[in-house]
Amino acid sequence: MDSVVDIFESSLNLEETHVKEGYNEGYADGLISGKQEGEQVGLKTGFEVGEELGFYRGCVDVWNSAIRVDPDFVSARIQKSIKQMDELLQKYPLSEPENESVSDIMDSLRLKFRAICASLNVKLEYNGYPRASDGGKIEF
């Protein structure tokens with residue numbers, strides 16, 4: 001009689017066994033695909049942040065070059081703002097993307113950039129790198 005119970009018990013546990021195996025396989029596959037997707041999102045986000053920081057660095061470098069050529073190019077107040085923006089760029093933790101100050105520094109950079117552009121009466125705007133879907137909108 002015990003052998004008959006064992007046969008039915010193994011049949012009853014068959015579904016539970018398959019569910020556990022399926023869960024474990026799905027979990028392992030999810031870890032792999034999650035890491036791959038996370039890597040792709042991280043690369044894309046890192047590129048976008050680096051691109052924006054590079055844009056701001058280029059603007060600061062051009063403004064500093066113009067100030068070296070003609071120190072009276074802008075007021076002392078604007079020069080101070082440009083210097084502060086330069087310091088924010090240098091302070092940005094490039095190798096520590098999980099640093100809590102990253103978003104605060106980026107917000108400060110954007111605000112400082114808008115303030116400098118307004119003071120210079122210049123309409124500069126960071127719109128990101130043109131996408132392939134924007135191909136028809138690029139003008140030179």
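Residues numbered from 1 in each chain as written. Predicted model: local features only at pLDDT ≥ 70, side-chain atom pairs only at ≥ 80, totals over all residues. Heavy atoms only, no water.

Going by the annotation in an unreviewed UniProt entry, the name recorded for the chain is Essential protein Yae1 N-terminal domain-containing protein, with Sesamum alatum given as the source organism. In its Sequence similarities (unreviewed entry) section, the UniProt entry covering the chain states "Belongs to the LTO1 family." (UniProt positions renumbered as here; feature names shortened; annotations may be inferred.)

## Regarding the overall build of the chain
What the chain contains, in helices and strands, is 3 helices and 0 strands. The order of helices and strands in the chain, counted from the N terminus, is α-α-α. Evaluated residue by residue, the chain yields a buried proportion of 19% over its 140 residues. Residue pairs at least 24 apart in sequence account for 65% of intrachain contacts in the chain once pairs closer than 6 positions are excluded. (Helix = DSSP H or I, 4+ residues; strand = E, 2+ residues; numbered from the N terminus. Buried < 20%, exposed > 50% of the residue type's maximum accessible area, 1.4 Å probe, protein only. Contact = heavy atoms within 4.5 Å.)

## Considering the confidence of the model for the chain
The predicted coordinates ought not to be read in detail in places where the model reports low pLDDT. Model confidence for the chain is summarised by a mean pLDDT of 82, while 83% of its residues fall at 70 or above. Across the chain, the secondary-structure element scoring lowest on mean pLDDT is helix 1 (residues 2-69), at 82, and the one scoring highest is helix 2 (residues 76-91), at 94. (pLDDT = per-residue confidence, 0-100.)

## A few points about the pattern of salt bridges
In this structure the tally under the stated criterion is 6 salt bridges. Among the salt bridges present, the one from Arg110 reaches Asp107, with a minimum N-O distance of 3.6 Å. One end of the pair, Arg110, and the other, Asp107, are both in helix 3 (residues 101-120), 3 residues apart, so they sit about a helical turn from each other. Overall, the relative accessible area of 29% leaves Arg110 in the partly exposed class. When its relative accessible area of 44% is taken as the criterion, Asp107 is described as partly exposed. (Salt bridge = Lys/Arg side-chain N within 4 Å of Asp/Glu carboxyl O.)

## Re the nonpolar core
The tendency in soluble globular proteins is for nonpolar side chains to be buried as a group. With 21 residues, the main nonpolar core has Tyr56, Trp63, Ile82, Met85, Leu109, Phe113 and Ile116 as its most contacted residues. Within the residue set of this core, elements represented by two or more residues are helix 1, helix 2 and helix 3. A per-element tally of this core places helix 3 first, with 8 residues. Beyond its immediate chain neighbours, meaning those up to four positions away, Ile82 contacts Val60, Trp63, Asn64, Ile67 and Ile116. (Core = buried A, V, L, I, M, F, W, Y, C linked by side-chain atoms within 4.5 Å.)

## Digging into the environment of Lys83
Looking at the secondary structure, you find Lys83 in helix 2. Put simply, Lys83 and Val60 are 23 residues apart on the chain and 8.3 Å apart in space, counted from C-alpha to C-alpha.

## Looking at the packing of helix 2 against helix 3
Here helix 2 crosses helix 3 at 155°, and the two axes come no closer than 10 Å. Taken together, the axes of helix 2 and helix 3 lie roughly antiparallel to each other. In the packing of helix 2 onto helix 3, the handedness of the crossing is left-handed. Facing helix 2, whose interface residues are Arg77, Ile78, Ser81, Ile82, Gln84, Met85, Leu88, Leu89 and Lys91, helix 3 presents Ile105, Ser108, Leu109, Lys112, Phe113, Ile116, Ser119 and Leu120. Here the residues of the contact of helix 2 with helix 3 sort into 10 nonpolar, 4 polar and 3 charged. (Axes fitted to C-alpha atoms, helices over the stretch in contact; angles between N-to-C directions. Parallel < 35°, antiparallel > 145°, perpendicular 65-115°, else oblique. Left-handed = near helix turned anticlockwise from the far one by under 90°. Nonpolar A, V, L, I, M, F, W, Y, C, P; charged D, E, K, R; others polar.)

## Some thoughts on the UniProt feature "domain: Essential protein Yae1 N-terminal" (unreviewed entry) in the chain
The UniProt entry lists residues 22-60 under the feature "domain: Essential protein Yae1 N-terminal" (unreviewed entry), expressed in the numbering used here. Summarising residues 22-60: 100% helix, 0% strand, and an end-to-end C-alpha distance of 56 Å.

## Some thoughts on the side chain of Glu52
If you trace the backbone, Glu52 turns up in helix 1. Take Glu52: its relative accessible area is 8%, and that puts it in the buried class. In this structure Glu52 touches Met106, Arg110 and Tyr126, once residues within four positions along its chain are discounted.

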